[in-house]
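# Close look at the chain arrangement
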Amino acid sequence: MKILCEVQVVNRATQTNKTPRPVKSTLAIGYKQSARDANGNTKKELEMVLFSGQNKTGNRYKVKDNIHVVHTKFVLDGKTTIGFIQPPDNLLIKCDPIQLKGFLQTLKLGMDGKDAINLRLNINAATAIPQKAQPQVRMVISKRSEYPIKGFPRTLKSLTINNSQLVKLSFEICTLRNLTKLDVSGNKLTKIPSELGRLPLTSLHLGNNLLGTQNDWCWLRGTKLCQSLGELDLSGNGLTYFPPPLVKFESLVSLNLNNNLLSRLPFAIRRMKALRKLYVCSNELESLPSAVEDLRIDLLDVWGNCFKEFNADAAQQMYLQKAASNSPQPLWLLGARAVDKYMLPLSAGSIPAVLIDLIREAPRCPCGELCYAQRKEDLFQRVVQPKFITVKNLTYSREHQIYADVVLCDSRCSASAELKLLFNIIFS
Ligand SMILES: [Zn+2]
């Protein structure tokens, strides 16, 4: 009988570990067929052999009258110790519990001199159980010279390439179907191939690159990536605006946009329902969208920004709004509001995609009405120090107030009056 296990060999006499830690091994037990004796009978001698990666020919242990001790207390946990008298070795064995139990039963039968099917192994010819080579699943490259010339193993699940002056992400990386974690921080990437959007990554680190120079976000439109990604780091990329396709990442839990040049976040961020951690420290944020309230954010870091109370665009918009207050609202906005109000199912077959996006992304007036404020000029209320009661942990520079933008459905909306009571409104 042979079992695959992990064994550490300790010499009782010298108290030295022959193997410093448990190593993958094969343990075999069986009868050694010796030459016939004078009477013509073969003498069978029970033997145990320990094979390991270091010792392919095996260490042979006589069993009969040579067992010092067998500890069986933890067999159900898959652990046992077999001690021999000569040499005074203790084998500390870890193995699948069922296999281990079978092995110890076989040992007992052998020691009792019984013949068992499991003992019919020709121990002289026994060899180690072949172990499949473990496929490589992880690779870390921390300098340019370590970049593999022969390409990447197809089995990779995690790939890290840091500080390697990488200017382009190779197409080959985009075809590693098993990849779930990719970290290419600290390079010189200006663009990500759109093929990356086809990988079901869960974690993507692109910090400290140059993606803001080209602002090519095609890869964010890949549906696989959009559905699977849980963690994205785009810090230190010189971004001047929030990449628009990102709001469709409804599984994203952690988003790092630290150290960029963002002046605002989109109202459409309310679509990112899974978002729990949002890092936007050291940017140029003038305000936050009130839509942050619609999310369940555990951690919001807006330390080191330039929150402002005056919004010139909003002031101008207020003026235009008054002039246009009598003009009818666009039909598609009324349509979207009706679908939203009656909570009709948002199925792609029955409702135009543009309306679905509008319902999921457009800002809501505090009264609940959907608005359409995709343009910067459409914002027209900025309030000081919003409560953000849904944010559990808010980090910001104490010397600055935080300002938030609120969109109202109509200048005559009742929410406008309520806002005046709650906040110090800049425009009225
Ligand atoms: Zn309203």
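Residues numbered from 1 in each chain as written. Predicted model: local features only at pLDDT ≥ 70, side-chain atom pairs only at ≥ 80, totals over all residues. Heavy atoms only, no water.

## Some details on the pattern of salt bridges
For the structure shown, the criterion picks out 12 salt bridges. Of the charged contacts in the structure, one is a salt bridge between Lys 32 and Glu 47, with a shortest N-O distance of 3.8 Å. Residue Lys 32 is located in strand S3 (residues 23-36), and its partner Glu 47 is located in strand S4 (residues 42-52); the two are separated by 15 residues in the primary sequence. Relative accessible area serves as the criterion here: at 7%, Glu 47 is assigned to the buried category. The residue Asp 112 makes a salt bridge to Lys 108 at a minimum N-O spacing of 3.5 Å. Several salt bridges share partner residues, and in doing so they unite Lys 248, Glu 250, Arg 271, Asp 357 and Glu 361 into one network. (Salt bridge = Lys/Arg side-chain N within 4 Å of Asp/Glu carboxyl O. Helix = DSSP H or I, 4+ residues; strand = E, 2+ residues; numbered from the N terminus. Buried < 20%, exposed > 50% of the residue type's maximum accessible area, 1.4 Å probe, protein only.)

## Here we look at helix H1 (residues 97-111)
The terminal C-alpha atoms of H1, which comprises 15 residues, lie 21 Å apart, in line with the 21 Å expected from a rise of 1.5 Å per residue. When H1 is considered as a whole, its buried residues turn out to be Leu 100, Gly 102, Phe 103, Leu 104, Thr 106, Leu 107 and Gly 110. Gly 113, located one to two residues past H1, shows a positive phi value of around 80°. (Expected span 1.5 Å × (residues − 1).)

## Points about the packing of helix H5 (residues 331-341) against helix H6 (residues 353-361)
Relative to each other, H5 and H6 sit at 65°, their axes nearing to 10 Å. With respect to each other, H5 and H6 are oriented roughly perpendicular. Here the hand of the crossing between H5 and H6 comes out right-handed. Here H5 contributes Trp 332, Leu 333, Gly 335, Ala 336, Val 339 and Asp 340 to the contact with H6, which in turn contributes Leu 355, Leu 358 and Ile 359. A breakdown of the residues in the contact of H5 with H6 according to their chemical character gives 7 nonpolar, 1 polar and 1 charged. (Axes fitted to C-alpha atoms, helices over the stretch in contact; angles between N-to-C directions. Parallel < 35°, antiparallel > 145°, perpendicular 65-115°, else oblique. Left-handed = near helix turned anticlockwise from the far one by under 90°. Contact = heavy atoms within 4.5 Å. Nonpolar A, V, L, I, M, F, W, Y, C, P; charged D, E, K, R; others polar.)

## Details of unusual backbone geometry
A cis geometry characterises the amide bond from Gln 86 onward to Pro 87, with omega recorded as -5°. Tracing the backbone through its elements, the reader meets Pro 87 in the loop between strand S7 (79-84) and strand S8 (89-94). A positive phi angle, near 55°, is found at Asn 259, a position not held by glycine. Tracing the backbone shows Asn 259 in the loop between strand S14 (254-256) and strand S15 (277-279).

## Re the side chain of Asn 215
You can see Asn 215 is positioned in the loop between helix H2 (211-214) and helix H3 (223-228). In terms of polar contacts, Asn 215 uses its side chain to reach the side chain of Trp 217, at 3.3 Å. Sequence-distant contacts of Asn 215, defined by excluding residues within four places in its chain, comprise Leu 239, Thr 240 and Tyr 241. (Polar contact = N/O pair within 3.5 Å; in protein donor to acceptor, adjacent residues only side chain to side chain.)

## So, the side chain of Asp 301
With respect to the secondary-structure elements, Asp 301 resides in strand S17 (residues 299-301). The class of Asp 301 is buried, set by a relative accessible area of 14%. When residues no more than four places from it in sequence are discounted, the contact partners of Asp 301 are Leu 278, Tyr 279, Val 280, Cys 281 and Thr 395.

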